[in-house]
Amino acid sequence: MMLLEATNLRKHFGKHTSVDGISFDIEQGSCVALLGPNGAGKTTTLRMLAGLLEPDSGLISFDGGQPGGDYRKALGYLPQAPSLYGWMSGQEYVLFAAKLSGLNSREAADRGAEVLERVGLKEHARRRISGYSGGMKQRLGLAQALVHRPRLLLLDEPVSALDPLGRREVMELLRDIRDETTIVFSTHVLHDAEEICDHIILMNRGRIAEQGPLASLRSQYSLPVIRLRTEKMSGARKWLEELASRSFVLESRFAGEDVMFNVNDVELARHTILSEAVSREIPLLHFETGSSTLEDLFMKVVGA
Amino acid sequence: MRSVWIFYQKEMLEAVRSYRLIWIPVVFILLGIMQPLTAYYMPEILGAAGNVPPGMLENYEVPSAAVVMVQALGQYSTIGMLVLALITMNSISGERYSGSAEMVLVRPLTPLAMVVAKWAALLTVLVLALGLGASGAAYYVMELIGPLSWGGISSAAGLYGLWLMCAVSLTLLFSAFLRATAAAFLGLLSAAAFSLAHSLLPAWFDWTPAALPGLSAAMLLEDGGALRLGPLLSAPLFIISCIAGAALLLRRKQLPG
């Protein structure tokens, strides 16, 4: 069942088109990663989903409702650099957030204590936020986003600004939360996405480059590849470029002395390359056959 | 409605934590009581400074109680208004630029509710500060100079407060779409321009909120005076349009940049 359907969203700022006609669905209970390099339009997309930015065109429909309907009660949102009132205590902020989202005082108090304990801030609940560390602020940010039991949780780069320890903590929390609600989070790190998500929306320059379930993307992009590296030598370079035009090479990518070939016939490719390397006396440094990963796909999309 | 109340409570808690609820009334009290004190002790002050030709102080007459009270309220149009602009300027703009507005507006809190709550919190601070300040001034005027009617004082202070609230509302409007300092500057400038226009062309601006300080003075000097309806109606309308404008601007641009 679809929780949210976005159709043909578009947003520009001045002359710059930030999001250029993207469509996607978010399934109830799924965890979706909005993946892409900086400037891909991830934050703008999340802000449109959160209702903070009006799309120039396109529709967002929540839970089968009318497009443009108000679903803010069912939404939890954590911006990239959450700005919490430093003069409040953690507990006060969570209660304030809960009440604004429509919980009554009693529910707010119960839920507030629950989420603060969950994110490990129970002992610090009465301290002023201005004295919190970056990781604690991020965890409090998660607590305020969760306190009203949102049906959709939108997180903008939740771990990007954290040190490895804080990152670990927040990732563990997300893994935990994943079972209760639908999560959409943006990141520029593929590894984070692979760690907890089951769906990926890969964005670049305001468009969706690829989207789908992680497993199917993985198998779809698990093509046989051969990676090669030679010593710096003009003959070697020429030979590599020649190889790229052979019939068994589907696609090639050069990065300095490193070359990656997507091939359709590994046996033939291996045989040809190795025998030619010997006969032409090419100083091979590295030869590897394997299959391409999502990392390759990501690099391809980002590099393009 | 409930969200206005929740946000108002947050604003008041902030006013307490930042000591705003204390220092602004203190400034208003000091400003208020300074006027009767200096008016009454003027000969002593000048005498202590020395170099005053003999005989000059003999003709000094303490102004009437009503005049001193009017002067005391007049203090609030300069330093008082500056202080109010300073606390108002950051009100919306600070939250927009820091990103905390984003985190509350994503919840079911409308921009209008947020603006109304902020306005109400500013009104609370103003009422408290002006109430205490005017009472302090009135107390010293009555102790040192002469009697005044509390009815006249409160209506004069009320009219003055309405004028100050117009300036606060205007600054709040600017704060909804400008940076804090620009908001304060424009707010103060417009208030000054308004007053100037009124003093230059009283016939044209007689119905505007800028006539309120004059009306407030008349309450004390003419004992009741003629209460004109124009400024009394235009001021609330002006305030309401400032609030509505701020809410509209905030709705259109919830995020800076």
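Remember, predicted model here, so these are calculated numbers, not experimental data.

### A word on the interface of chain B and chain A
Facing the 23 residues of chain B at the interface are 31 residues of chain A. Regarding the contact of chain B and chain A, the summed buried area is about 2500 Å², with carbon and sulfur atoms giving 60% of it. Summed over the three residues of chain B that lose the most area to chain A, namely Met103, Val106 and Arg107 of chain B, the buried surface amounts to 30% of that side. For Arg47 of chain A, the salt bridge goes to Glu102 of chain B, with nearest N and O atoms at 3.2 Å. At the surface where chain B touches chain A, the tally comes to 15 residue pairs in polar contact (both at pLDDT 80 or more). Of all the secondary-structure elements, those providing two or more residues to the side of chain B that touches chain A are helix H1 (2-17), helix H3 (65-98) and helix H4 (100-105) of chain B. The element that contributes the greatest number of residues to the side of chain B that touches chain A is H1 of chain B, accounting for eight residues.

### A word on the domain arrangement of chain A
Residue and element names in this part refer to chain A. Each domain of chain A was delimited in the assignment, giving domain 1 (2-219) and domain 2 (221-303). Taking the mean C-alpha position of each, domain 1 and domain 2 sit 40 Å from one another. Opposite the 15 residues of domain 1 that make contact, domain 2 presents eight residues. Counting each side, the surface lost to burial between domain 1 and domain 2 is near 980 Å², with a carbon and sulfur contribution of 70%. Among the residues of domain 1 in contact with domain 2, Leu190, Leu202 and Leu217 are the three that bury the most area, contributing 41% of the side total. Applying the counting rule to domain 1 against domain 2 returns zero salt bridges. Applying the counting criterion to the domain 1 and domain 2 interface returns zero residue pairs in polar contact (both at pLDDT 80 or more).

### Re the pattern of salt bridges
All names here are of chain A. Applying the stated rule across the entire model yields 33 salt bridges over all chains. With a closest N to O distance of 3.0 Å, Glu195 and Arg175 form a salt bridge. Of this pair, Glu195 sits in helix H6 (residues 190-196) while Arg175 sits in helix H5 (residues 164-177), and the two are 20 residues apart along the sequence. Take Arg175: its relative accessible area is 28%, and that puts it in the partly exposed class.

### A closer look at the packing of H3 of chain B against helix H5 (residues 111-144) of chain B
Residue and element names in this part refer to chain B. Here H3 crosses H5 at 155 degrees, and the two axes come no closer than 10 Å. On the basis of the axis angle, H3 is roughly antiparallel to H5. Considering how the two elements wind past one another, H3 and H5 form a crossing that is right-handed. Only Met114, Val115, Lys118, Leu122, Val125, Leu126, Leu130, Gly133, Ala134, Ala137, Ala138 and Val141 of H5 make contact with H3, whose side of the interface consists of Ala65, Val68, Met69, Ala72, Leu73, Tyr76, Leu84, Ile87, Thr88, Ser91, Ile92 and Glu95. Residue classes in the contact of H3 with H5 are distributed as 19 nonpolar, three polar and two charged.

### Re the layout of surface pockets
The calculated volume of the largest pocket comes to roughly 800 Å³. For the lining of the largest pocket, the secondary-structure elements that each account for two or more residues are strand S1 (2-13), helix H1 (42-49) and strand S4 (57-62) of chain A together with helix H10 (229-252) of chain B. In terms of residue count, H1 of chain A provides more of the lining of the largest pocket than any other element does, five residues in total. Among the residues making up the lining of the largest pocket, the classes are represented as 16 nonpolar, nine polar and eight charged. For the second largest pocket, the calculated volume is near 320 Å³. Glu14, Arg20, Asn90, Ser91 and Lys118 of chain B are the residues nearest the centre of the second largest pocket, which is lined by 20 residues in total. At seven residues, H3 of chain B tops the list of elements feeding residues into the lining of the second largest pocket. Residues that form the lining of the second largest pocket fall into these classes: nine nonpolar, six polar and five charged.

Each value, and the rule that gives it
- Starting from 1, residues in each chain are numbered consecutively following that chain's sequence as written.
- All chains are assigned letters beginning at A, and all ligands numbers beginning at 1, according to the order in which they are written.
- Local features in this predicted model are restricted to residues of pLDDT 70 or higher, and side-chain atom pairs are both shown and tallied only at a pLDDT of 80 or more, whereas totals for entire chains, interfaces and linings draw on every residue.
- Water and hydrogen atoms play no part in the side-chain values, which are based on all heavy atoms of the structure.
- Should any heavy atoms of two residues lie within 4.5 Å, those residues are considered in contact.
- Here the quantity called buried area is the accessible surface, traced with a 1.4 Å probe, that two parts lose on coming together, added over both.
- For salt bridges, the criterion is a side-chain nitrogen of Lys or Arg within 4 Å of an Asp or Glu carboxyl oxygen.
- Within 3.5 Å is the distance limit for a polar contact, defined as a pair of N or O atoms, with the added protein rule that one can donate a hydrogen and the other accept it, and that residues adjacent in sequence qualify only through two side-chain atoms.
- Where helices and strands are cited, they refer to DSSP runs of H or I of at least four residues and of E of at least two residues respectively, numbered from the N terminus.
- Boundaries of every domain are those given by an automatic assignment or by a domain database.
- The buried label applies to any residue whose accessible area, calculated with a 1.4 Å probe on protein chains only, is under 20% of its type's maximum; exposed applies above 50%, and partly exposed to all values in between.
- Axes here refer to lines fitted to C-alpha atoms; in helices the fit is confined to the stretch in contact. Angles between the N-to-C directions go from 0 to 180 degrees.
- Here is the rule for angles: anything less than 35 degrees is roughly parallel, anything more than 145 is roughly antiparallel, 65 through 115 is roughly perpendicular, and the remaining ranges are oblique.
- By definition, any crossing whose near helix is turned counterclockwise from its far helix by less than a right angle is left-handed, and any crossing with a clockwise turn is right-handed.
- For this classification, Asp, Glu, Lys and Arg are treated as charged, while Ala, Val, Leu, Ile, Met, Phe, Trp, Tyr, Cys and Pro are nonpolar and the rest, including Gly, are polar.
- A cavity here means a set of 1 Å grid points, computed over protein atoms only, where a 1.4 Å probe fits but cannot escape. A pocket is an open set with protein on both sides within 12 Å along at least 5 of 7 lines, and lining residues have an atom within 4 Å of a point.
- Grid points are joined across faces, edges and corners, and a volume is the space filled by probe spheres set on the points.

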